[in-house]
Amino acid sequence: MGKRFLVLFALLLFAAPVRAAEVRISAAASMTDAIDAVCAAYRTEHPQVSFANNFAASGTLARQIAAGAPVDLFISANPKWMKYLVGQKIVPATQVRTFAFNTLVFVGVPAHPVHDMKDLTALDRIAIGSPKSVPAGQYARQALTHAGLYEQLLKANKLVMAKDVRQALVYADRGEVDGAFVYRTDALLARHATIQFTVPQKLYPRVNYPLALTAEGAKNPAATAFLTYLRGPEAGKILKRYGFLLP
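Residues numbered from 1 in each chain as written. Predicted model: local features only at pLDDT ≥ 70, side-chain atom pairs only at ≥ 80, totals over all residues. Heavy atoms only, no water.

### Quick word on the environment of isoleucine 90
Within the secondary structure, isoleucine 90 is located in the loop between α4 (79-87) and β4 (97-102). It is 10.0 Å that separates the C-alpha atoms of isoleucine 90 and valine 71, two residues lying 19 residues apart in sequence. With residues up to four places along the chain from it excluded, the contact list for isoleucine 90 reads Ile65, Ala66, Leu85, Thr214 and Ala215. (Helix = DSSP H or I, 4+ residues; strand = E, 2+ residues; numbered from the N terminus. Contact = heavy atoms within 4.5 Å.)

Rendered as structure tokens:
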């Protein structure tokens, strides 16, 4: 009976399904479509892995993580919020790498055409992500400030603050504002609004997306394996398809 029991136990053990693994990702709103696509591609080869993805403004995400939100992998739309989590000792500094780059553009509907920064004063409503938490808004504020326009537009109540870059895009796409500052990758998703001009790079720092595992995520084998995939050629092809530039 003992041998028969051991044989039966072994058969049950090998017949048991592989335990599902989960990777919890918090990523900048502008990464939504690209990261969802990368996760879907990864699951075709690793069906046992599931993803819990949370997309929002980088500052919002960083504060959530600092408050204890369970996250394995963080992708910020600028280094500021990654440095914040490193300072909180939630993300090991040795984990941080540049993941991708982006470009700031101005989008709008044909009824309100503009060609460069100086034309913005003729508009009534311009959407930007709230500079307090949205990197795209921070970049836009820096560009407007260097162009000598930010305070002028702010005092004239022409700036409409959005909760993230995707909301700014929606405002412009629906014609609820005359235009919006968004990333080029977001602009490519618009149905009605079009890119009216690219913001000169000399006016703001290069849009840099740092990526890192949290200290908790470094202990998750599924997260470390997915990180390797994110940095590989297959994920790179998907990022390029969505308009991102690779380091």
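### Points about the environment of alanine 140
Locating alanine 140 in the fold gives a position in helix α5 (residues 135-146). Taking C-alpha positions, alanine 140 is 30 Å from glycine 68, a pair spaced 72 residues apart along the chain. The contacts of alanine 140, once residues within four sequence positions are left out, are Leu104, Ile128 and Phe181.

### What about the sheet that holds strand β7 (residues 159-162)?
Across the sheet, five strands lie side by side as β7-β6-β8-β5-β9; this open sheet has mixed pairing. Each end of this open sheet is capped by a strand with a single partner; those strands are β7 and β9 (194-198). On average, adjacent strands in this sheet sit at an angle of 35° to one another, irrespective of strand direction. α5 contacts β5 (104-108), β6 (126-129), β7 and β8 (179-183) of the sheet and is inclined by roughly 115° relative to β8. Sitting on the sheet, helix α7 (residues 165-173) is in contact with β5, β6, β7 and β8, with an inclination near 145° to β8. (Pairing = 2+ DSSP bridges. Axes fitted to C-alpha atoms, helices over the stretch in contact; angles between N-to-C directions.)

### Overview of the sheet that holds strand β1 (residues 21-28)
On the basis of which strands lie adjacent, the open sheet formed by five strands has the order β2-β1-β3-β10-β4 and mixed pairing. In this open sheet, the two strands that pair with only one neighbour each are β2 (49-56) and β4. For this sheet, the mean inter-axis angle between neighbouring strands, taken without regard to orientation, is 20°. Bridging between β1 and β2 involves eight bridges; their strand directions are parallel. Bridge assignment links alanine 21 to a residue of β2, and that residue is valine 49. Here helix α9 (residues 221-230) sits on the sheet in contact with β1, β2, β3 (73-75), β4 and β10 (207-213), set at roughly 50° to β1.

### Notes on unusual backbone geometry
The backbone of lysine 89 sits at a positive phi, close to 60°, despite the residue not being glycine. Since its relative accessible area comes to 72%, lysine 89 is described here as exposed. (Buried < 20%, exposed > 50% of the residue type's maximum accessible area, 1.4 Å probe, protein only.)

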